[in-house]
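Fold and contact review
Take a look at the letters that make up each chain.
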Amino acid sequence: MSELTAENLNEMEQNLNSQELNGTELVTAEEQNGFLDSTLGKVINTAVDLGLRWILPDFIENQIIEVKDTLITGGLKEGIDKAIDSAIDLGKSITGIFTGKFEDVSQAQNAIKNGGIIDGISSALDSALSFTTKKGLLPYNIANIIRQGKNVILDNVSNNIEDEFVSQLDSIEKLGKYEDNWRNYFNEQDFEGMEREYEKIKEKLNEILPLETTIKQAREIENIHLLIKNNGHDFNLTQEQLELAGMLN
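Residues numbered from 1 in each chain as written. Predicted model: local features only at pLDDT ≥ 70, side-chain atom pairs only at ≥ 80, totals over all residues. Heavy atoms only, no water.

**A look at a nonpolar patch on the surface**
Taken together, the side chains of L50, W54 and V152 present a nonpolar region at the surface, about 310 Å² in accessible area. By secondary structure assignment, the location of V152 is in helix α8 (residues 150-187). (Patch = residues over 30% accessible without salt bridge, like charges linked within 9 Å, V, L, I, M, F, W, Y side chains within 5 Å. Areas by Shrake-Rupley, 256 points an atom, 1.4 Å probe, with all protein chains shown as cover. Salt bridge = Lys/Arg side-chain N within 4 Å of Asp/Glu carboxyl O. Helix = DSSP H or I, 4+ residues; strand = E, 2+ residues; numbered from the N terminus.)

**Some remarks on the pattern of salt bridges**
What the rule picks out here adds up to 13 salt bridges. The partner of E212 in a salt bridge is K101, and the shortest N-O contact between them spans 3.3 Å. With E212 in helix α10 (residues 212-230) and K101 in the loop between α4 (76-95) and α5 (105-114), this pair connects stretches of sequence that are 111 residues apart. When its relative accessible area of 32% is taken as the criterion, E212 is described as partly exposed. (Buried < 20%, exposed > 50% of the residue type's maximum accessible area, 1.4 Å probe, protein only.)

**Brief notes about the environment of L211**
Within the secondary structure, L211 sits in the loop between α9 (191-205) and α10. Considering only alpha carbons, one finds L211 and L26, 185 residues apart in sequence, at a separation of 8.3 Å. Apart from the residues within four sequence positions on either side, L211 is in contact with V27, Q32, F102, E103, D104, V105 and I172. (Contact = heavy atoms within 4.5 Å.)

**Some words on helix α6 (residues 117-134)**
With 18 residues, α6 ought to run about 26 Å at 1.5 Å a step, and its terminal C-alpha atoms sit 26 Å apart, in line with that. Restricting attention to buried positions, one finds in α6 the residues I117, G120, I121, S122, A124, L125, A128, L129, T132 and T133. Looking at the buried residues of α6, the elements they touch are α2 (29-55), α3 (61-73), α4, α5, α7 (140-148) and α8. (Expected span 1.5 Å × (residues − 1).)

Note that every value here comes from positions in space, so none of it alone points to a role or purpose.
As structure tokens, this is what we get:
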């Protein structure tokens, strides 16, 4: 039977991001908010770009970029960031997320929707257009065209956000399949197969909103995987090792 070594423990603890064995949250509200800030920011930015192309069809790419850069100068990015943060906070309050953390993707989706994200983006656009025209940075006729077509941008934002949450659910389903595959390879003592699925699991985790249950399941696999890897692919784990793998979640 293989023995549990200090080296094994050290590597496992490093892969747990220096979390302590007991009493430490696997996921914090700050981590979830940070993920949503980054992910929704990219989604909304893409939606604005696409909307401007629809609204200004006669503009070439460089002109579209100039208009977008001008709006950013007028505070559009800050307005979008504020709209996202406000939607997260208000949405949690409205949907009853009293712990501050989402338990699943559907909770996050409902919170963002009920938190007024579209109204927030609309206000951010209005503010940026007003500022840039008053400062002479954007011609009035261009600003008016964007105002008249603003709903195109907002529809793109709404659709892109919905698509992102659909993608999140799809990624979680794929993660579950990879974990099932890993367990099957583990039962067959096929470490090469385990390694392939383990890499897929790590990659997919980076795409998914951090959730307590998701991280816990993935960490248990990670712990056992590293034990076997560090023990020279020896599958004869002791009960102590298996229990430790569970404790480190």
